[in-house]
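Listed below, chain by chain, are the residues.
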Amino acid sequence: MERVRHVYLQRRQKISVYGEVMYRADTWSQPRRVVAKLEILEDGKENPRFVVVNQKSATPFVHYRFYCHRGDSENRLKELKLDLRSDLTSCTSFLANQFRLLIALAAYILYRALRDKLQGTPLAKAQVRTLREKLVLVGARVVETVRRVRVYLPESYPERALFRQAARGPNVAL
């Protein structure tokens, strides 16, 4: 970490270094390979991460990326369960529970599409809960006419520009 700090002090930008060590904890019978990602963020905060692996063939970078992707898929499942309440399957009928799960999955797909429209913005990597709180759960006045539907947002709404970008994204024909 000292070498990483030295490079950070020269460049003053985020830096990540991957490496490996053999480590043996007190309770382990033998040493194991530990892959490390040592990074310092833009603000100077140190962020060391470690993963114990059992394969010897891949590089530390490949191992770390593999485990990150694995954890990311677990985060998506957590979003589906907690943010979209896909676990609300308390009906006595199997088909009713299956339908509830399909509705949660459809909502997740719509939120992913919404997030795709927000590329290049602070919400480009936002989770479902954040998108829901900032863009969907908004008090607005909706006026419907024969030709169009207008949504009037409050003047004090801080995410107004992001809401407009999502509504007028490249896939929407106005």
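For clarity, every value in this text was computed on a predicted model and none was experimentally measured.

What to know about the packing of aromatic side chains
Part 1 of the argument: For the structure shown, the criterion picks out five aromatic pairs.
Part 2 of the argument: Arranged with centres 6.4 Å apart and planes meeting at 80 degrees, the rings of Y157 and F163 form a pair that is edge-to-face.
Part 3 of the argument: For Y157, a relative accessible area of 11% corresponds to the buried category.
Part 4 of the argument: The class of F163 is partly exposed, set by a relative accessible area of 23%.
Part 5 of the argument: Cluster of aromatic residues (ring-pair linked, three or more members): Y18, F61 and Y64.
Part 6 of the argument: The ring of W28 has R32 lying over it, and the distance from NZ or CZ to the ring centre is 4.8 Å.
Part 7 of the argument: The ring centre of Y152 lies 4.5 Å from the NZ or CZ of R141, which sits over that ring.

Notes on a nonpolar patch on the surface
Part 1 of the argument: On the surface, a nonpolar cluster with roughly 230 Å² of combined accessible area is contributed by L101, L102 and L105.
Part 2 of the argument: Tracing the sequence through the fold places L102 in helix 3 (residues 94–117).
Part 3 of the argument: The exposure class assigned to L102 is partly exposed, which follows from its relative accessible area of 48%.

Comments concerning the pattern of salt bridges
Part 1 of the argument: Under the criterion given, the structure shown has nine salt bridges.
Part 2 of the argument: K14 is the salt-bridge partner of E39, the closest N and O atoms lying 3.8 Å from each other. A residue pair is termed long-range when its members are at least 10 positions apart, and E39 in strand 2 (residues 32–40) and K14 in the loop between helix 1 (2–11) and strand 1 (15–23) qualify at 25 residues.
Part 3 of the argument: Since its relative accessible area comes to 5%, E39 is described here as buried.
Part 4 of the argument: One salt bridge connects E39 with K37, and the closest N-O pair in it is separated by 3.6 Å.

Thresholds applied
Residues numbered from 1 in each chain as written. Predicted model: local features only at pLDDT ≥ 70, side-chain atom pairs only at ≥ 80, totals over all residues. Heavy atoms only, no water. Phe/Tyr/Trp six-rings, centres within 6.5 Å; stacked < 30°, edge-to-face > 60°. Buried < 20%, exposed > 50% of the residue type's maximum accessible area, 1.4 Å probe, protein only. Lys NZ or Arg CZ within 6 Å of the ring centre and 35° of its normal. Patch = residues over 30% accessible without salt bridge, like charges linked within 9 Å, V, L, I, M, F, W, Y side chains within 5 Å. Areas by Shrake-Rupley, 256 points an atom, 1.4 Å probe, with all protein chains shown as cover. Salt bridge = Lys/Arg side-chain N within 4 Å of Asp/Glu carboxyl O. Helix = DSSP H or I, 4+ residues; strand = E, 2+ residues; numbered from the N terminus.

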